[in-house]
Amino acid sequence: MWEKFPIALNFSVYVFNVTNPDEVQNGGKPHLQEVGPFVFEEWKDKYDLEDFEDEDAVAYNMRNTFIFRPDLGLSGEDFIVMPHPLIQIMAIAVKRDKEVMINMISEGIEALFKPTTPFVRAPFMDIFFRGIDVDCSVDHFAATAICLNFHTGAVKGAVKVNETHFKFSLMGGANHTDAGRYKVARGVKVNRDIGRVLEFDDSDELSVWDGDECNRFRGTDTTIFAPLMKPEEGLWSFAADLCRSLGAEYEKKTKYAGIPAYYYTIDLGDPKNDPELHCFCRDYPDDCPPKGTMDLTLCNEAPLIVSLPHFFKADPQLVADVDGLNPQEEKHGVFIIFESISGTPLSAAKRLQFSLSVMPVPEVEVMKSLRKLTMPLFWVEEAASLDKTWTDMLKKRVIKINNIFKWMSTIFGACGLFVSLYMLYGKNQITTTNVTPTTEVNTIEKH
C-alpha cells in the first residue's frame, strides 16, 4: 500500500479566465472568471526502492500519474484566456533578475511568437497537458538563444516534437515522470521516525533559501505519518514542487464516519513579520512576499506566487487588485482530518493557487502598459476521503485496539487501586498492632 497508493486522489484544476484581455493589456484592472473543475485521477507510486539496513532507511523515486476524467467535470476543450505562460513569464523573469539581457530576449520573443497580445487563448487541455506550439525553426540569433534552453531541457514542461518544434504545457511534462528521489526513515527502530524525509535528490537539506530553517526537511513525503502523534506536534510534510516543508496546525477535535479524529489546517503565514519565515524573503525586509503567499522565484526561477485559492488568508489588497475573487474557507481552505492512533489521514484537501507576479516590461511592446499586480492563473485541489471499506477496517482494528487499551488501563488502574488500598490497610494494621502493647505496658507500670 505504501509503495503503490491503493486509492486515486481527486485532482481538480480551476482556471482564472481573463474576460477583458484588451483592457488589461492597456493597463486596466483584470476581470476574472473561474472556470472548472477539470478533474483528474491522480495515482502515486514509488519505484527503484533501495533499503539501507544500517540507517533504517529506504530510498525510492516518486511518480505521479494523472488520468483525465471529463465525465466528472468539464470536457477540457473549453477555451481559456490567460497570461501567456512563455511570453509573460520569460519577459518578467529576465526584466526583474537579468535586465542586461532584456533587449535580446524581447527580440527573441518577437521573432518566435510575433505576439499581438500578452495572453494566450486555447483549450484547457492544450495549455495544461497537450501543449502549445513553439516553432524553433526561426532563423534569428535571439530566437535561437531562447530555443537553446528548449533543446537542453532547461524549460520545464517542454516536450520535443522534432528537431525544430516543441510543445509546452504547464503540467503535461510532469505526468508519469520522475518527481525526485527520496530517502526516508523506515521507522523499524524508532517508530516515531517512520516516513521522515532524510534526503531529497541526494541532499540532506535544500540550498534554495537564505536560512537553515527554511532549507531543513521536516516531516514526511505526505504518503505516510507516524502513529500516536500529539496534536501540538502538527503534521509536517515536504513539498518538493514548492521547495519547502509545510506544517498543518491542529485546530479542533472532530469525527469522521464515527471515528474520533483531529482537524488540522494550513496557513502560509507572513514572511515579513514572522521571524521563522524571514528566510522565504528574497531580500528581507525590503523584498518579502505579501502575507499568506510564497514567492517561487528562487525555487524554479519563474516569477510565480503561491497562496491559498482566491488569496484566502492572504493580504486583502491582493483580492482588491482584481475583480472576480471571493475567498471562502469551505471552498478554499486546506484541511486534514487525522486519526492519530494509526497515523491515518481520513479526509484531506490540499488547495494551492499559482499566480504571476506581473510587472510592465517596456522592451516588449505588448507588455509595456501592464499593471503591477499579482495575477491569479489557476488553482488546484488534491483531495481524498476514505470510503466505508477503509473506515470499517479502521474501526475494527484501530478502535478495537484503542478500546482494549482503555479496558486494560481501567483494569490495571483498578488493580493498582486495590493493591494501594490493601498496602495502606496493611500498614495501618501494623501501626495499630505496634501501638497497642506499648499502651498496655504503660498502664501496668502506672499501677
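Criteria and thresholds
Residues numbered from 1 in each chain as written. Predicted model: local features only at pLDDT ≥ 70, side-chain atom pairs only at ≥ 80, totals over all residues. Heavy atoms only, no water. Axes fitted to C-alpha atoms, helices over the stretch in contact; angles between N-to-C directions. Helix = DSSP H or I, 4+ residues; strand = E, 2+ residues; numbered from the N terminus. Parallel < 35°, antiparallel > 145°, perpendicular 65-115°, else oblique. Contact = heavy atoms within 4.5 Å. Nonpolar A, V, L, I, M, F, W, Y, C, P; charged D, E, K, R; others polar. Pairing = 2+ DSSP bridges. Salt bridge = Lys/Arg side-chain N within 4 Å of Asp/Glu carboxyl O. Buried < 20%, exposed > 50% of the residue type's maximum accessible area, 1.4 Å probe, protein only. Phe/Tyr/Trp six-rings, centres within 6.5 Å; stacked < 30°, edge-to-face > 60°. Lys NZ or Arg CZ within 6 Å of the ring centre and 35° of its normal. Patch = residues over 30% accessible without salt bridge, like charges linked within 9 Å, V, L, I, M, F, W, Y side chains within 5 Å. Areas by Shrake-Rupley, 256 points an atom, 1.4 Å probe, with all protein chains shown as cover. Lys, Arg positive; Asp, Glu negative; His and termini not counted. Charge placed at Lys NZ, Arg CZ, Asp CG, Glu CD. Polar contact = N/O pair within 3.5 Å; in protein donor to acceptor, adjacent residues only side chain to side chain. Disulfide = S-S within 2.5 Å. Core = buried A, V, L, I, M, F, W, Y, C linked by side-chain atoms within 4.5 Å.

A. Up close: the packing of helix α3 (residues 102-113) against helix α5 (residues 141-151). For the pair α3 and α5, interaxial distance at closest approach is 7 Å and the crossing angle is 90°. Here α3 is positioned roughly perpendicular relative to α5, judged by the angle of their axes. Every residue of α5 that contacts α3 at Met104, Ile105, Glu107, Gly108, Ile109, Ala111 and Leu112 is listed here: Phe141, Ala142, Ala143, Ala145, Ile146 and Cys147. Looking at side-chain class alone, the contact of α3 with α5 contains eleven nonpolar, one polar and one charged residues.

B. Molecular detail of the sheet that holds strand β7 (residues 158-160). One open sheet accounts for three strands, arranged β6-β8-β7; its pairing is antiparallel. The open sheet has two free edges, formed respectively by β6 (132-135) and β7, since each of these has just one partner strand. Pairs of neighbouring strands in the sheet enclose a mean axial angle of 30°, with direction left out of account. Bridge count between β7 and strand β8 (residues 165-168): three bridges; the pairing is antiparallel. Looking at β8, one finds that lysine 160 is bridged to phenylalanine 166.

C. Here's a closer look at the pattern of salt bridges. For the coordinates displayed, the defined rule picks out 26 salt bridges. Arginine 196 serves as the salt-bridge partner of aspartate 193, at 3.4 Å between the closest nitrogen and oxygen. Residue class for aspartate 193 comes out partly exposed when judged on its relative accessible area of 25%. Here arginine 216 and glutamate 213 are joined by a salt bridge, their closest N and O atoms 3.1 Å apart. Overall, the relative accessible area of 37% leaves glutamate 213 in the partly exposed class. A cluster of three or more residues bridged by salt bridges with shared partners is formed by Asp51, Glu53, Asp56 and Arg186.

D. The packing of aromatic side chains, seen in detail. Evaluation of the coordinates by the stated rule reveals 25 aromatic pairs. Aromatic side chains tyrosine 14 and tryptophan 379 sit 4.2 Å apart centroid to centroid with 10° between the ring planes, which places their arrangement in the stacked category. With a gap of 365 residues between them, tyrosine 14 in strand β1 (residues 9-18) and tryptophan 379 in strand β18 (residues 373-385) connect regions that are remote in the sequence. Among the aromatic residues, those joined into a cluster by ring pairs are Phe11, Phe38, Phe40, Phe66, Phe68, Phe124, Phe128, Phe129, Phe354 and Phe378. Over the ring of tryptophan 2 we find lysine 46, and its NZ or CZ is 4.6 Å from the ring centre.

E. The packing of helix α2 (residues 87-97) against α3, seen in detail. Two elements in contact, α2 and α3, have axes whose closest approach is 9 Å; the angle formed by their N-to-C orientations is 170°. With respect to each other, α2 and α3 are oriented roughly antiparallel. Contact residues: Ile87, Met90, Ala91, Val94 and Lys95 in α2; Ile102, Ile105, Ile109 and Phe113 in α3.

F. Quick peek at a negative patch on the surface. A contiguous patch of negative charge, built from Asp48, Asp178, Asp201 and Asp202, is present on the exposed surface. With respect to the helices and strands, the residue aspartate 178 is situated in strand β9 (residues 177-185).

G. Expanded view of the side chain of threonine 220. Tracing the backbone shows threonine 220 in the loop between α6 (212-215) and β11 (235-239). Within polar-contact distance, the side chain of threonine 220 engages the backbone nitrogen of threonine 222 at 3.1 Å. Residue contacts for threonine 220: discarding those within four places in its chain leaves Ile194, Gly195, Arg196, Val197, Phe225, Trp236, Ser237 and Phe238.

H. Geometry of the state of the cysteines. Taken as a whole and judged by the stated rule, the model has four disulfides. Paired through a disulfide, cysteine 136 and cysteine 147 show a sulfur-sulfur distance of 2.1 Å. Residues cysteine 136 and cysteine 147 share a disulfide whose torsion about the S-S bond is about -90°; that sign makes it left-handed. Of this pair, cysteine 136 sits in the loop between β6 and α5 while cysteine 147 sits in helix α5; the two residues are eleven residues apart in sequence, bridging distant segments of the chain. As far as burial versus exposure is concerned, cysteine 136 and cysteine 147 are alike and both buried. Each sulfur in the disulfide pair cysteine 214 and cysteine 279 lies 1.9 Å from the other. On the sign convention where negative means left-handed, the S-S torsion of about 75° between cysteine 214 and cysteine 279 marks this disulfide as right-handed.

I. Representation of the nonpolar core within the structure. Counting residues in each nonpolar core, the largest one holds 107 residues, and the members touching the most others are Val13 and Phe128. Ignoring anything within four residues of it in the chain, the contact list for phenylalanine 128 reads Val13, Val15, Met82, Ser169, Leu170, Met171, Gly172 and Phe378. Core analysis: the next-biggest nonpolar cluster, separate from the first, contains eleven residues, Leu346, Ala349, Leu386 and Leu394 among them.

J. Quick peek at α2. Among the eleven residues of α2, nine are classified as buried, and the element is accordingly described as predominantly covered. What α2 keeps buried is the set Ile87, Gln88, Ile89, Met90, Ala91, Ile92, Ala93, Val94 and Lys95. Here the buried face of α2 lies against β4 (79-83), α3, β5 (119-123), α5, β15 (304-307) and β17 (344-358).

K. Representation of the environment of alanine 158 in the model. Counting through the fold element by element, alanine 158 comes out in strand β7. C-alpha of alanine 158 to C-alpha of serine 169: the two residues are eleven residues apart in sequence and 6.6 Å apart in space. The contact partners of alanine 158, leaving out residues within four places of it in the chain, are Phe150, Lys167 and Phe168.

L. Main features of unusual backbone geometry. Each neighbour pair has its own omega, and for glycine 36 with proline 37 the value is 10°, a cis peptide bond. Mapping proline 37 onto the fold places it in strand β2 (residues 32-52). In this structure, proline 285 follows tyrosine 284 across a cis peptide bond, with omega equal to 0°. Even without being a glycine, phenylalanine 311 presents a positive backbone phi close to 55°. Inspection of the secondary structure puts phenylalanine 311 in the loop between β15 and α8 (316-320). According to the relative accessible area criterion, phenylalanine 311 is buried, its value standing at 1%.

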